[in-house]
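Coordinates in review
Residue strings, one per chain:
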Amino acid sequence: MRNVEDKLDALRRLMAERNLSAYIIPTGDFHGSEYVGDYFKEREYMSGFTGSAGTLIVLSEEAALWTDGRYFIQAADQLAGSSILLMKSGQPGVPAIEAYLCDKLEAGSVIGFDGRTVTAGFVRKITEKTGAKQITFAGDEDLVDHVWTDRPAISTEPVWELDAAYAGRSREDKLAAVRDRMREKQADVLLMTALDEIAWLLNLRGNDVKYTPVFLAYMLMTQERAILCVHEQILPPEIREKLEHAEIETAPYNTIGEIVSDVCREKRVWIDSASVNYSLMGSLPADAVQIDRCSPVIYMKAVKTPQEAAHIREAHIQDGVAVTRFIRWLKTSVREQSGEHARSEAAERITEMSAARKLETFRAQMEGYLGASFAPIIAYGAHGAIVHYEPTAQTDVQIRAGGLCLADTGGHYREGTTDITRTVALGKVPEEEKRYYTIVLRGHLALGAAKFIHGICGQNLDALARAPLWEAGLDYNHGTGHGVGFLLGVHEGPQRFHWRINQNVQSVVLEEGMVISNEPGVYLEGRFGIRHENLVLCRQGERNEHGQFMYLEPLTMVPYDRDAILPELLSDRERKLLNDYHALVYKTLAPYLTEEERIWLQEATAEI
C-alpha cells in the first residue's frame, strides 16, 4: 500500500504536467453529501484522515487539511508523521480555505479539482476571495483517479420502496406540493441533486452510501415533467412501473448534464448551489435565469408528518430496549470481568469493538431494525475525549472496571432513525468525572425541558444546554443538536441547536414535527469525555394571548447512569426533570423486558 507522501508526490507530478498550482480534494460525492460511498473517499485515501468532514488542499510544496472541532484530536493523530498541516476550522489564526489559497497562490495561478465533487457555492467563495489575482479553475479532471489504482467501483445497489403508510404522504402528493412551491417562486425548472431529498420525495430508499439509505440520482422537475437520472439497473421492475404511474421519467445517471442543457434553455431554474456541483452548474445554458436558494424539499422533509412522528416513537421504543439491554450487559459484564472470576477462561474480555458488536446484536433482535445509522462510537476512558472517535483494530482497547465509557450509536428502523449517546459508569468513578457528568446532565435536562414561543430558532435555545458548563468555565467545540431524517440521514438540516452566527446560514424557526438531537458534552483531551444525547420532537403546546407556545417531546427512552450523578449538584427542578424522565423510561420500556431486566431497570430509574 502506498503511503501518504508517495500519493502526494504522484498527485503533484500530475499537477505539474497540467500547470496546476493547487488541487482541492473535498469530502464529497457528485451530490454535496455529508457521508459518501467508498468510491468517493478520495480525501481519506490521499490523507489517511478518516473523519466524515474535511478538505485537503495540495500545493506544489505543501498540503493542508481543514476539519471541524469534532475531529481535531482524531485528525492530529491520523496526520501525524505526514507533511499535511492540520487546519482547525474556526479557531483563532486559522485561515478559511479561500483565504489560504489567496495568500499562497501567485496571480494567474490555476486551481484544479474534480468539478463533480466540488459544489458551485464553494467555488464561488474562492472566486470572490481570489478574484483580484485573476486565479482560474480547471474542474474537468479527477486527478486522484490516476493515483488511486485499486479504487472501489461506484455503487449501484437496488432501491426499495418506503410504503406511504410510513411516510404519511404519497410521492404524487409530494410532487404536487413541490410544484406548488415552484409556482410561488416563479421557477420553471427545479434541479435537485441532494440524495436524501430525492429519496424523500419519491418514497424510495437505497444502499449506495454506508449508514445512509439513499441511492445515487439526480432529478429535474418542471410543471409537466419529472426526470429521474439513475443507474437504471438499480430500479426493480415493480418500482419502475410505479414511477411510470406517477409520470416520472427515468434516464441514465450520467446524462443529467445533457438534460439540464436541453430542458433549461430560456427557463427560470431553481438550484441550490450548496449542493449542486460545479460541473453540473456549468451545464446550465447561458440564457437560463438562476434562482439560487435552498431546495423546497429541505424544509418539507424536516417537518415530519403525524404518521412519521408516530412511527419514530415506535423506533425509539425498540432502540430503547436494545440500548438499555446493552448498558445492563456492559455494566454487569465489566463488573464480572474484574471480579473473582476475572482470571478464568469463562470471563469475557470486552473491548470497544466487541462492545459495539454486542450492541449490534441487541438491535438486530428488534423487529424493525435495518442497520446502523452511523459508525458506532464506543469510546472508553481517554478515547471519550475524541468527539467522533471510531474504534479500529489499531486503537481498540479493553473496557475495564473504573471510569467512563461513552457510547454514541444509532439505528435505522423501518419506523425511523435513532441517534443516542449515553456515558456509562464502570465500577468506581472519580469524583471529578461525576462532577462533569452531572454538569453536562444539567444542561441537557434544561434544553430538553425548554418551553418557548413559536418563532424561536435553534440559536435562541443553545445557551440553555451550555449555561451550566459556562458557569464552570467549560464548553464543547460542536453544535448542541442537529436534525435527524426519517429513515434517511442521521444529520439533517436545516434545524439545529447552535450558538455561532453564520451569515451564510439562514436561521430556521423550530416547527412542530422537527426532530433534533440534544447533545451537550465535555471533553478533556487524554483523560475522558462525557456526552448525553436524546432526540426530541418539536411540538405545539398551549396557545394564549401571548401566542403559540412550543415544547420538546423526548423520543429517546434510555436511562442515564445514576452511578455517575452527584445529586447534591442538582437543583430541585433538575432532580424532578430527571426523575420524571426516568419514570417515563420505565413505564415505556418495562412491557418489553424480561422480569430480570425490569428489576434492573427499576433500580436504574429509581428516584434521586
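The paragraphs below set out a description of the structure included in this document. Model, not experiment: these values are computed from the prediction.

1. Regarding the packing of helix H8 (residues 171-184) against helix H9 (residues 195-202)
The contact between H8 and H9 brings their axes to 7 Å, and the two run at 120°. When the axes of H8 and H9 are compared, the pair comes out oblique. In this structure, H8 contributes Arg171, Lys174, Leu175 and Val178 to the contact, and H9 contributes Trp200, Leu201 and Leu202. Split by residue class, the contact of H8 with H9 holds five nonpolar, no polar and two charged.

2. What to know about the state of the cysteines
Defined simply, a disulfide is a covalent bond joining two cysteines at their sulfur atoms. In this structure the tally under the stated criterion is zero disulfides. No disulfide involves cysteine 457; its sulfur sits 11 Å from the nearest other cysteine sulfur, which is in cysteine 538.

3. Side note on the nonpolar core
In terms of nonpolar packing, the biggest core is built from 75 residues, with Phe326, Leu330, Ile399 and Phe452 touching the most fellow members. Aside from chain neighbours lying at most four places away, what touches isoleucine 399 is Leu330, Val334, Gln337, Ile350, Thr351, Glu352, Ala355, Ile378, Tyr380, Cys405 and Leu426.

4. Section: the pairing of strand E13 (residues 268-271)
For strand E8 (residues 189-192) and E13, the ladder comprises two bridges, and the chain directions are parallel. The residue of E13 that forms the bridge with leucine 190 is tryptophan 270. As paired strands, E13 and strand E14 (residues 289-292) are joined by four bridges and run parallel to one another. What sits directly across from arginine 268, in E14, is valine 289.

5. Regarding the packing of helix H16 (residues 431-448) against helix H18 (residues 572-589)
To describe two helices that pack against each other, one gives the angle between their axes and the distance between the axes. Between H16 and H18, the shortest axis-to-axis distance is 10 Å and the interhelical angle comes to 75°. Here H18 runs roughly perpendicular to H16, going by the angle between their axes. Along the contact surface, H16 presents Leu441, Arg442 and Leu445, while H18 presents Glu574, Leu577 and Leu578.

6. Some points on the sheet that holds strand E5 (residues 110-112)
Strands sit in the order E4-E3-E2-E1-E5-E6 across an open sheet of six strands; the sheet is mixed. Sheet topology places strand E4 (84-88) and strand E6 (136-138) at the edges, where each strand pairs with a single neighbour. The sheet shows a mean angle of 25° between the axes of neighbouring strands, taken without regard to direction. Relative to E4, strand E3 (residues 63-67) is paired through five bridges, and the arrangement is parallel. Among the inter-strand pairings, alanine 64 is bridged to a residue of E4, identified as leucine 85. The strands that helix H1 (residues 4-17) touches are strand E1 (22-25), strand E2 (55-59), E3 and E4; relative to E2, the one it contacts most, it runs at about 60°. Those strands touched by helix H5 (residues 120-130) are E1, E5 and E6, and its axis lies near 150° from that of E6.

7. Focus on the sheet that holds strand E18 (residues 411-413)
The sheet built from three strands is open, its strands ordered E15-E18-E19 with antiparallel pairing. The sheet terminates laterally at strand E15 (369-372) and strand E19 (416-417), the two strands that pair on one side only. Bridging between E15 and E18 involves three bridges; their strand directions are antiparallel. Of the residues in E18, the one forming a bridge with alanine 372 is glycine 411. The strands that helix H14 (residues 306-337) touches are E15, E18 and E19; relative to E18, the one it contacts most, it runs at about 130°.

8. A short note on the pattern of salt bridges
Taken as a whole and judged by the stated rule, the model has 38 salt bridges. Between arginine 539 and glutamate 553 there is a salt bridge, with the nearest N and O atoms lying 2.7 Å from each other. Of the two residues, arginine 539 is situated in strand E27 (residues 534-544) and glutamate 553 in strand E28 (residues 547-554); the sequence distance between them amounts to 14 residues. Accessibility expressed as a relative area gives 22% for arginine 539, which makes it partly exposed. Judged by its relative accessible area of 14%, glutamate 553 falls in the buried class. One network of salt bridges, in which partners are shared, links Glu42, Asp142, Asp145 and Arg151.

9. Considering the environment of arginine 357
Within the element layout of this structure, arginine 357 appears in helix H15 (residues 352-364). Classification of arginine 357 as exposed rests on a relative accessible area of 52%. Put simply, arginine 357 and aspartate 580 are 223 residues apart on the chain and 32 Å apart in space, counted from C-alpha to C-alpha.

10. Overview of unusual backbone geometry
Looking along the chain, the bond that leaves glycine 493 and enters proline 494 is cis, with omega of 5°. Although it is not a glycine, tyrosine 211 adopts a positive phi angle of roughly 75°. Note that tyrosine 211 resides in the loop between strand E9 (204-205) and strand E10 (217-221). Since its relative accessible area comes to 26%, tyrosine 211 is described here as partly exposed. Residue glutamate 266 is not a glycine yet carries a positive backbone phi of 55°. Structurally, the position occupied by glutamate 266 is in the loop between helix H11 (256-263) and E13. Note on glutamate 266: relative accessible area 65%, which makes it exposed.

11. Remarks on the side chain of threonine 222
Take threonine 222: it is sitting in the loop between E10 and strand E11 (226-230). Using a relative accessible area of 10% as the deciding quantity, one classes threonine 222 as buried. Only 3.1 Å separates the side chain of threonine 222 from the backbone nitrogen of glutamate 224, close enough to count as a polar contact. If sequence neighbours within four positions are ignored, threonine 222 has contacts with Arg179, Met182, Asp188, Val189 and Val263.

12. Digging into the packing of aromatic side chains
Inspection of the entire model under this criterion finds 13 aromatic pairs. Grouped by ring-pair contacts, the aromatic residues Phe30, Tyr39 and Phe40 constitute a single cluster. The lysine or arginine in question, lysine 174, covers the ring of tryptophan 200, its NZ or CZ lying 4.0 Å from the ring centre. Across the ring face of phenylalanine 549, the terminal group of lysine 451 is positioned such that the distance to the ring centre comes to 5.4 Å.

13. Observations regarding helix H19 (residues 595-604)
Among the residues making up H19, those that are buried are Glu597, Trp600, Leu601 and Ala604. Down the axis of H19, the sector holding all buried residues measures 95°, keeping them to one side. When the buried face of H19 is taken as reference, the exposed residues oriented beyond 90 degrees from it are Glu595, Ile599 and Glu603. Those residues of H19 that are buried lie in contact with H14 and H18.

14. Quick word on the side chain of glutamate 492
Within the secondary structure, glutamate 492 is located in strand E23 (residues 492-497). Exposure remark for glutamate 492: the relative accessible area of 6% places this residue in the buried category. At 3.3 Å, the side chain of glutamate 492 and the side chain of lysine 301 are in polar contact. Non-local contacts of glutamate 492, meaning those with residues more than four positions away in its chain, are made with Lys301, Ala302, Lys304, His482, Gly483, Val484 and Gly485.

About the thresholds
- Residues numbered from 1 in each chain as written.
- Predicted model: local features only at pLDDT ≥ 70, side-chain atom pairs only at ≥ 80, totals over all residues.
- Heavy atoms only, no water.
- Axes fitted to C-alpha atoms, helices over the stretch in contact; angles between N-to-C directions.
- Helix = DSSP H or I, 4+ residues; strand = E, 2+ residues; numbered from the N terminus.
- Parallel < 35°, antiparallel > 145°, perpendicular 65-115°, else oblique.
- Contact = heavy atoms within 4.5 Å.
- Nonpolar A, V, L, I, M, F, W, Y, C, P; charged D, E, K, R; others polar.
- Disulfide = S-S within 2.5 Å.
- Core = buried A, V, L, I, M, F, W, Y, C linked by side-chain atoms within 4.5 Å.
- Buried < 20%, exposed > 50% of the residue type's maximum accessible area, 1.4 Å probe, protein only.
- Pairing = 2+ DSSP bridges.
- Salt bridge = Lys/Arg side-chain N within 4 Å of Asp/Glu carboxyl O.
- Polar contact = N/O pair within 3.5 Å; in protein donor to acceptor, adjacent residues only side chain to side chain.
- Phe/Tyr/Trp six-rings, centres within 6.5 Å; stacked < 30°, edge-to-face > 60°.
- Lys NZ or Arg CZ within 6 Å of the ring centre and 35° of its normal.
- Arc of directions from axis to C-beta.

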